[in-house]
Structure formats: structure tokens, C-alpha cells
Amino acid sequence: MKENILEARDVHFTYSDGTTALRGATMAIERGKKIAVLGSNGAGKTTIFLHFNGILRPGRGQVLFNGRPVRYDHRSLMELRRNVGIVFQDPDMQLFSASVVQEIAFGPLNLGLSREEVLRRVEAAMEATEITGLKDKPTHLLSYGQKKRVCLAGVLAMEPQVLICDEPTAGLDPLHAGQVMELFDRINRQGATVVLATHDVDLAYSWADYVYVMSCGTVVGEGLPGEVFGNEQLLRQSDLSRPWLVEVFEQLSRKGWLPEGLPLPRTKEQLFNYLQEVKGNKVPGKPAAVYLFPRG
Ligand SMILES: Nc1ncnc2c1ncn2[C@@H]1O[C@H](COP(=O)(O)OP(=O)(O)O)[C@@H](O)[C@H]1O
Ligand SMILES: [Mg+2]
């Protein structure tokens, strides 16, 4: 049965300087799914994420966790935050401990867990994010990408039900961006719901089970990746481009290089398979487009 682990219902929010960041945003995050929240700069992605673990409180509207409205007393917020972990976009906003291991142990120690359990979680989180070698390093000496992984490890060590990451691949090189996305898949397979904010349409298209599109403080579209990225008007209205896979697939279909009626490919391997299948009958020679893809 479908079950929403997190919900925002008609959330409005205005910052203290008078900027209205959310104008009636509604989202229902289904338990166990991989969700991408897309939107150009200033759309309200970060602001809605800060509502999901109670850092911000709606001016109007409601946030629900496990079907119950979030309460804003200290105890309820502590409980919410152990279940809904956020990794901020800017690691310097998150890091405050002297060393990597202290940073990651901080959350679990605060949960009152035994020393053994804290150690187990810290080791597991460092292993998952491949930072075991940085264990004793002062956090201020880390590179940007390393800091991002330490932040992620700190949240993973809390073993949250929902992992929320704000622009997790921004500023990472392609190798580490790919590794982080694989890690999210692994965490999701272990049962966690994963919610990402991104303006990377390619990443959202290939990775997500479900996509929300935000613009000007509201949700202007949502659906399965194929639905959202097949909707040109929605993308244009939200200042988003089309994923290269969708673009190339449609060009090839239009030229008659692919048979009609094929579903949109979700991965480049799927597109290659389509091309492989038609090779030798419809496609003469090698299709040059295959060598022009921007991503590795
Ligand atoms: N701390 C803040 N104070 C005032 N305005 C803010 C603050 N944070 C964000 N905003 C404004 O709120 C709007 C939504 O921003 P944000 O949620 O950060 O969008 P996104 O994450 O999609 O880029 C923008 O107009 C932004 O300038
Ligand atoms: Mg943001």
C-alpha cells in the first residue's frame, strides 16, 4: 500500500527580510522511493527541505511526518530530526567538529547510544562514503568534495528513515558525483527514502522514481520521470532543459532511425540497446550520434 512518509500541504513561507519563498507548495513523499525535486535557482527547493525536518516552520499550511502533523516543541523536533536527515548544499554550513570522526560521531552520541553502537555506525558511515582514510583529519583541511562526504556520513550515521540531500553532486567531479549517486541507490535499497534537490535534469531523469518540479515557490509539475521530461511546456515554464537522453531519443525517432512506439530510454545503455537492435536493418553504418554524447 502507498504510504507517504513526508508531506507538505499548501506550505507558505516568507523569510524575515520579506522574501516569499514558498507560495502554497504541496508534495507527498512516498516511503521507500527515490525522489528528485527539480527547479532552477530560487525555486524554493532548499526552503521546502528546511521545512521537512522542522528547521523552518510554515507561515501557513502544514508538514506531516508519517501521516502526523509535525510539532515544533523541542522533543518532537529532536524525534523528527533523528528520522529525517538533511545534508545541506554547503558543507561549511554543516560541519562544526574539529575532526572527521568527531563530526560523524556527534549525532549518534547525542542519541544516547552505547559506545559500541556509536563506533559501529561511525565505521559503517565512513566506509559507505569512502572516507575511512580521513578519520583523524581536521575538517577545515578537507577538500570541498571530502567535506561533502563527511557531511553525508554524519547524517548516515543517524540511520534516518528519510535522507534529504540538497544539490548533492553540485561541485563534485564526475567520478565522485557518480559514486554519491550509487551510494544513494544503495541506501535506498536498504530501505531509506531518498529525496534530492537538483537542477541537473539528466541526473533526475535517470535516477528518480518520481519527480517534482518547483518554480517560484510552488510545485508546478510532478510525475514519473518519463511524464515530467516528456512535457516540454512544463520544462520551458520552469527554466529547465530536456535530459540529453530524451533529446537524442526524439531526434533519432524523428529521423526514423528508431522504430516507432519505443518507450523513452532511462539510461544510455537502454538507448544503445535500441540502436544495437536496429543496426544492420534500418541504420546504415554506425550512428554518429552515439559518439557525441556529453556524458561518460
Ligand atoms: N535566508 C534567506 N533569507 C531571505 N531570503 C532567502 C533566504 N534563503 C532563500 N531565500 C530566498 O527564497 C527564495 C527561494 O530560495 P531557495 O529555497 O534557496 O531556492 P532554491 O533552493 O530552489 O534555489 C529565493 O528567492 C531566495 O532568494
Ligand atoms: Mg537551494
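Since the model is a prediction, treat every value here as computed from it, not as a measurement.

1. Observations concerning the site of ligand 1
For step 1, the next point in the chain: Close contacts around ligand 1 come from Tyr 15, Asp 17, Thr 19, Ala 21, Ser 40, Asn 41, Gly 42, Ala 43, Gly 44, Lys 45, Thr 46 and Thr 47, and that covers them all.
For step 2, the next point in the chain: Within the backbone of Gly 42, one N or O atom sits 2.7 Å away from an oxygen atom of ligand 1.
For step 3, the next point in the chain: Contacts to ligand 1 include Thr 47, whose side-chain N or O atom sits 2.5 Å from an oxygen atom.
For step 4, the next point in the chain: Protein chains shield 63% of the accessible area of ligand 1, which is 560 Å² for the free molecule.
For step 5, the next point in the chain: Take the shell around ligand 1: its biggest share by element is three residues, from helix α1 (residues 45-52).

2. A few points about the environment of Gly 133
For step 1, the next point in the chain: The residue Gly 133 is located in the loop between α5 (115-128) and α6 (144-156) in this model.
For step 2, the next point in the chain: C-alpha of Gly 133 to C-alpha of Lys 255: the two residues are 122 residues apart in sequence and 51 Å apart in space.

3. A few points about the packing of helix α11 (residues 244-254) against helix α12 (residues 268-278)
For step 1, the next point in the chain: In contact at an axis separation of 10 Å, α11 and α12 are set at 15 degrees when each is read in the N-to-C sense. It follows that α11 is roughly parallel to α12 by the angle criterion. The interaxial crossing formed by α11 with α12 has left-handed handedness. On the side of α11, the interface is formed by Trp 244, Leu 245, Val 248, Phe 249 and Leu 252, while α12 contributes Lys 268, Leu 271, Tyr 274 and Leu 275.
For step 2, the next point in the chain: Of the residues that constitute the contact of α11 with α12, the class distribution is eight nonpolar, no polar and one charged.

4. Quick word on the pairing of strand β6 (residues 84-87)
For step 1, the next point in the chain: The alternating pattern of β6 places Val 84 and Ile 86 on one face and Gly 85 and Val 87 on the opposite face, and all of these are buried.
For step 2, the next point in the chain: Pairing of β6 with strand β7 (residues 162-166), which is carried by four bridges, proceeds in the parallel orientation. In the strand pairing of β7, Gly 85 is matched with Leu 163.

5. Let's talk about the packing of aromatic side chains
For step 1, the next point in the chain: The full count for this structure, using the stated rule, is six aromatic pairs.
For step 2, the next point in the chain: Judged by centre distance (5.5 Å) and plane angle (90 degrees), the ring pair of Tyr 205 and Phe 229 falls under edge-to-face. Of the two residues, Tyr 205 sits in helix α8 (residues 201-207) while Phe 229 sits in helix α9 (residues 225-229), which places them 24 residues apart along the sequence.
For step 3, the next point in the chain: Judged by its relative accessible area of 1%, Tyr 205 falls in the buried class.
For step 4, the next point in the chain: A residue is classified by how much of its surface remains accessible, and Phe 229, at 0% relative accessible area, is buried.
For step 5, the next point in the chain: An angle of 45 degrees between the planes, with centres 6.0 Å apart, marks the rings of Phe 249 and Tyr 274 as tilted. Taken together, the residues Phe 249 in helix α11 and Tyr 274 in helix α12 connect sequence positions 25 residues apart.

6. Structural notes on α6
For step 1, the next point in the chain: For α6, which comprises 13 residues, the first-to-last C-alpha distance of 18 Å matches the rise-based estimate of 18 Å (1.5 Å per residue) to within 8%.
For step 2, the next point in the chain: Taken across its 13 residues, α6 has eleven buried, putting it largely inside the fold.
For step 3, the next point in the chain: Among the residues of α6, Gly 145, Lys 147, Lys 148, Arg 149, Val 150, Cys 151, Leu 152, Ala 153, Gly 154, Val 155 and Leu 156 are the ones counted as buried.
For step 4, the next point in the chain: Tucked into the core, α6 has its buried residues touching β6, α3 (91-94), α4 (100-110), α5, β7 and α7 (174-189).

7. Here we look at the pairing of β7
For step 1, the next point in the chain: Counting buried residues in β7 gives five out of five residues, a clear majority hidden from the surface.
For step 2, the next point in the chain: Alternating residues of β7 divide into Val 162, Ile 164 and Asp 166 and Leu 163 and Cys 165, and every residue in both groups is buried.
For step 3, the next point in the chain: Sheet topology note: the β7/strand β8 (residues 193-198) ladder contains five bridges and is parallel. Across the sheet, Ile 164 pairs through a bridge with Val 195, a residue of β8.
For step 4, the next point in the chain: Traced from β7 through α7 to β8, the parallel crossover comes out right-handed.

8. With respect to the state of the cysteines
For step 1, the next point in the chain: In the structure shown here, the tally under the stated rule is zero disulfides.
For step 2, the next point in the chain: Of all cysteine sulfurs, the one in Cys 165 lies closest to Cys 151, which takes part in no disulfide; the gap is 9.9 Å.

9. Let's talk about the side chain of Ser 99
For step 1, the next point in the chain: Relative to the helices and strands, Ser 99 is located in the loop between α3 and α4.
For step 2, the next point in the chain: Setting aside residues up to four positions removed in sequence, Ser 99 forms contacts with Lys 135, Asp 136, Lys 137, Pro 138 and Thr 139.

10. Let's talk about the sheet that holds strand β10 (residues 218-223)
Strand pairing in a sheet relies on backbone hydrogen bonds. The paired strands run either parallel or antiparallel.
For step 1, the next point in the chain: With mixed pairing, the six strands of this open sheet are ordered in space as β6-β7-β8-β3-β9-β10. Only two strands of the sheet have a single neighbouring strand rather than two, namely β6 and β10. Between one strand and the next, the sheet's axes are offset by a mean angle of 20 degrees, whatever the strand orientation.
For step 2, the next point in the chain: Across the sheet, helix α2 (residues 74-83) lies against β6 and β7, angled at about 70 degrees from β6, the strand it touches most.
For step 3, the next point in the chain: Of the strands in this sheet, β6 and β7 are in contact with α6, which crosses β6 at around 175 degrees.

Calculation rules
Residues numbered from 1 in each chain as written. Chains lettered and ligands numbered in written order. Predicted model: local features only at pLDDT ≥ 70, side-chain atom pairs only at ≥ 80, totals over all residues. Heavy atoms only, no water. Near = heavy atom within 4 Å. Polar contact = N/O pair within 3.5 Å; in protein donor to acceptor, adjacent residues only side chain to side chain. Areas by Shrake-Rupley, 256 points an atom, 1.4 Å probe, with all protein chains shown as cover. Helix = DSSP H or I, 4+ residues; strand = E, 2+ residues; numbered from the N terminus. Axes fitted to C-alpha atoms, helices over the stretch in contact; angles between N-to-C directions. Parallel < 35°, antiparallel > 145°, perpendicular 65-115°, else oblique. Left-handed = near helix turned anticlockwise from the far one by under 90°. Contact = heavy atoms within 4.5 Å. Nonpolar A, V, L, I, M, F, W, Y, C, P; charged D, E, K, R; others polar. Buried < 20%, exposed > 50% of the residue type's maximum accessible area, 1.4 Å probe, protein only. Pairing = 2+ DSSP bridges. Phe/Tyr/Trp six-rings, centres within 6.5 Å; stacked < 30°, edge-to-face > 60°. Expected span 1.5 Å × (residues − 1). Right-handed = clockwise from strand over helix to strand, strands pointing away. Disulfide = S-S within 2.5 Å.

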